[in-house]
Amino acid sequence: MLSVNEAYSQAINADMRRMFHRVTIAGVTLDQTAVPKMTFNESVGSNSGVALGTSNSASLQLTLKNPAVIDYTEMLVEPESGIELPDGTVEWLPLGKFWVTDSSTSNDYKTVNLTCADGMYLMSDDYVSALTYPALARDVAHEIAEQAGVELVDLEEWPEIYIRKKPEKLTH
């Protein structure tokens with residue numbers, strides 16, 4: 001969950017509000033004129049908390065208008081959502097980091113549609129544990145993140161849960 005200030009909280013709860021979006025692709029920030037459509041979706045893998053084999057993930061679909069003619073494959077995309085505050089400024093909230101998994105063009109290359117996936121996209125390789133079991137769930141989570149090359153948003157306090165048997169035939 002992201003922390004927001006009081007001005008943002010008031011603006012998001014107001015009857016009338018102005019929302020914006022922007023996207024940074026390969027270090028270049030594009031506003032909603034260049035990105036007329038952005039769809040952000042989140043999904044939850046388990047309603048009962050953290051469980052092996054489940055994940056929370058997000059996806060992003062973008063339409064770029066008059067884009068640079070480049071290969072977008074696996075390019076890093078960082079979308080943000082903004083709201084206009086009472087003083088006229090816009091406060092931006094990051095929606096995460098995504099990688100382009102598919103792209104298509106239309107309108108004689110004047111439009112590019114990008115499909116993007118969050119860091120769970122990087123977690124599809126086989127997981128081979130080097131830990132000694134039983135092992136703490138915290139240690140397994142850290143090992144998985146390290147192997148997959150993703151940043152683990154660590155818990156302040158981990159419950160002392162042990163995984164008894166070495167996981168086999170799983171992905172990160």
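Structure: see above.
Before going into details, it helps to say that this report is about the structure given with it. (Residues numbered from 1 in each chain as written. Predicted model: local features only at pLDDT ≥ 70, side-chain atom pairs only at ≥ 80, totals over all residues. Heavy atoms only, no water.)

Description of the pattern of salt bridges
Summed over the entire model, instances satisfying the criterion amount to three salt bridges. Residues arginine 22 and glutamate 80 are paired through a salt bridge, measuring 2.7 Å at the closest nitrogen-oxygen approach. In this pair, arginine 22 is assigned in strand E1 (residues 19–25) and glutamate 80 in strand E5 (residues 76–84), connecting sequence segments 58 residues apart. Taking the relative accessible area as the measure of exposure, arginine 22 reaches 23% and is therefore partly exposed. Between aspartate 139 and arginine 138 there is a salt bridge, with its nearest N and O atoms 3.5 Å apart. (Salt bridge = Lys/Arg side-chain N within 4 Å of Asp/Glu carboxyl O. Helix = DSSP H or I, 4+ residues; strand = E, 2+ residues; numbered from the N terminus. Buried < 20%, exposed > 50% of the residue type's maximum accessible area, 1.4 Å probe, protein only.)

A word on the side chain of glutamate 80
Classification of glutamate 80 by relative accessible area gives buried; the value is 17%. The contacts of glutamate 80, once residues within four sequence positions are left out, are Phe20, His21, Arg22, Met38, Trp92, Leu93, Pro94 and Leu95. (Contact = heavy atoms within 4.5 Å.)

Examining unusual backbone geometry
Geometrically, the link from tyrosine 133 to proline 134 is a cis peptide bond, its omega value of 5° lying close to zero. You can see proline 134 is positioned in the loop between strand E9 (126–127) and strand E10 (135–136). Although it is not a glycine, asparagine 107 adopts a positive phi angle of roughly 55°. Along the polypeptide, asparagine 107 turns up in the loop between strand E7 (98–106) and strand E8 (111–117).

Structural notes on the nonpolar core
Ile25, Leu62, Leu64, Tyr72, Val77 and Leu114 are the most contacted members of the largest nonpolar core, which totals 15 residues. For this core, the elements supplying multiple residues, two or more each, are E1, strand E4 (57–65), E7 and E8. The greatest single-element share of this core, amounting to four residues, is contributed by E4. Once residues lying within four places of it in the same chain are set aside, the contact partners of leucine 114 are Ile25, Leu60, Gln61, Leu62, Leu64, Tyr72, Val100, Asp102 and Ser103. Core analysis: the second largest hydrophobic core is formed by nine residues, Met123, Tyr133, Ala137 and Ile144 among them. (Core = buried A, V, L, I, M, F, W, Y, C linked by side-chain atoms within 4.5 Å.)

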